[in-house]
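What the coordinates show
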Amino acid sequence: GVCQLTFLSMKAVILVGGPQKGTRFRPLSLEVPKPLFPIAGQPMIQHHIEACVQVPELREIILIGSYGTSDQMRRFAQQAQKEFSIPVRYLQEHESLGTAGGIYHFRDQILAGSPECFFLLNCDICCNFPLADLLKFHREHTTDDGITMMGTEANRKQAVNYGCIVENSETHEVLHYVEKPETFVSNVINTGVYILSPNTFHHMGSIFKQNYEANYRESPMSPVADRISLEQDVISLLAGTGKIHVYKTERFWSQIKTAGSAIYANRLYLARFRQSSPERLSASGEGQPTIIGFFSNEMLRIYCC
């Protein structure tokens, strides 16, 4: 059945990656982990946290990644916990486990307290995070063992660089999903923002078991392959089964994969601040910086870099 309001509590999980990821972001990430690189005056990941804490039911934020050589991520989590008055923890993977492998590995900690469902956010994106609208959609459409993914529209040339979603336009069920297809599939793309129901871990467990058995048959002496991709191993498999739905946003969205894309992300967030939080920005005037232009509203929706 459709997800019922059994528990009025939620969590948020943010996937922060690790030092072996984000190489296209160099040299900006040589001195500081990519999630902590400042975008619009604050760490990239703080924009995610600020959006999450606006959801009244949220009880905890968990950061998952494989940054293990320094304690910068843990210090940031401690500071964020003090600033936002909500538990924020950093859980370290022993190695990169993939977009589903990490949350499956830490599933007991995610499910502690019996959350109704949980947000899952990729760190390297920039958007205004309409999480309240996404949650409302999830509660109305998605089963108690399903996933809601947030999508947006891109042009045909851009779309093939992302995960492409084919949906039922009436029910918003995801019928087909292809990660970075070789030819055009759909102009609706995956934004890396999800809500997962707790029972989704049952699907991941089945996939992990299949991978384990296949790995054992092929090479019994090799290490167990515990890397699971949410996009390729889970969503692609469950598409067309009624377990996955897509909420489409028309608000701005961009990936932050390269050093150059950080410039666009700065512009997008600063333009958003100008509309929603002008007190964060400097103003023209005596003794103040001289502002020579603004990012136009027409340019605010999607930047795929």
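Residues numbered from 1 in each chain as written. Predicted model: local features only at pLDDT ≥ 70, side-chain atom pairs only at ≥ 80, totals over all residues. Heavy atoms only, no water.

1. Structural notes on the overall build of the protein chain
Put simply, the rule is: Comment: elements are numbered from the N terminus, with helices defined as DSSP H or I runs of at least four residues and strands as E runs of at least two. Residues count as neighbours in contact if any of their non-hydrogen atoms are within 4.5 Å of one another. For every accessible area listed, the method is Shrake-Rupley and the probe measures 1.4 Å; residues are considered covered only by the protein chains on display.
Counting its regular elements, the protein chain contains 9 helices and 14 strands. Contacts in the protein chain between residues far apart in sequence, at least 24 positions, make up 76% of those at least 6 positions apart. In the structure as shown, the protein chain presents an accessible area of about 14,800 Å², 49% of it carried by carbon and sulfur atoms.

2. Focus on the environment of Asn-122
Mapped onto the elements of the fold, Asn-122 is located in strand S6 (residues 117–122). Distance in space between the C-alpha atoms of Asn-122 and Gln-255 is 9.6 Å, their sequence separation being 133 residues.

3. Thoughts on the nonpolar core
Operational definition: The definition of a nonpolar core used throughout is a set of buried Ala, Val, Leu, Ile, Met, Phe, Trp, Tyr and Cys residues joined through side-chain atoms within 4.5 Å. Only protein chains enter the accessibility calculation, which uses a 1.4 Å probe. A residue is then buried if its area is under 20% of the maximum for its type, exposed if over 50%, and partly exposed in between.
Ranked by internal contacts, the top residues of the largest apolar core, which has 55 residues, are Ile-14, Leu-58, Ile-61, Leu-63, Phe-119 and Leu-131. Ignoring sequence-local partners within four residues, the contact set of Leu-58 consists of Met-10, Lys-11, Ala-12, Cys-52, Val-53, Ile-86 and Phe-119.

4. Focus: unusual backbone geometry
A positive phi angle, near 65°, is found at His-172, a position not held by glycine. Note on placement: His-172 falls in the loop between strand S9 (163–167) and strand S10 (174–179). Positioned with a positive phi, Lys-180 is a non-glycine residue whose angle comes to about 50°. For Lys-180, the position within the fold is in the loop between S10 and strand S11 (188–196). Judged by its relative accessible area of 52%, Lys-180 is exposed.

5. Let's talk about the pairing of strand S1 (residues 10–17)
Defined as follows: Strands pair, by our definition, only if DSSP identifies at least two bridges between them.
Most of S1 is tucked away: 7 of the 8 residues are buried. Across 6 bridges, the pairing between S1 and S6 is parallel. By the bridge assignment, Ile-14 is partnered in S6 with Leu-121.

6. Observations regarding the confidence of the model for the protein chain
This is how it is decided: The predictor attaches a confidence to each residue, called pLDDT, with possible values from 0 through 100.
Of all residues in the protein chain, 80% attain a pLDDT of 70 or more, and the chain-wide mean is 85. Low pLDDT (under 50) marks residues 295–305, which in the prediction has 37 contacts with non-local residues, meaning those over four places away or in another chain.

7. Looking at the pattern of salt bridges
To be explicit about the condition: A carboxyl oxygen of Asp or Glu within 4 Å of a side-chain nitrogen of Lys or Arg is what we treat as a salt bridge.
For the coordinates displayed, the defined rule picks out 11 salt bridges. The shortest N-O distance in the salt bridge between Lys-11 and Glu-60 comes to 3.0 Å. Taken together, the residues Lys-11 in strand S1 and Glu-60 in strand S4 (residues 58–65) connect sequence positions 49 residues apart. Just as Lys-11 is buried, Glu-60 falls in that class too. The salt bridge involving Glu-140 is made with Lys-136; its shortest N-O contact spans 2.7 Å. Taken together, the positions of Glu-140 and Lys-136, both in helix H5 (residues 131–141) and 4 residues apart, correspond to about one turn of that helix. For Glu-140, a relative accessible area of 45% corresponds to the partly exposed category. Within the structure, one salt-bridge network assembled from shared partners comprises Lys-11, Glu-60 and Arg-89.

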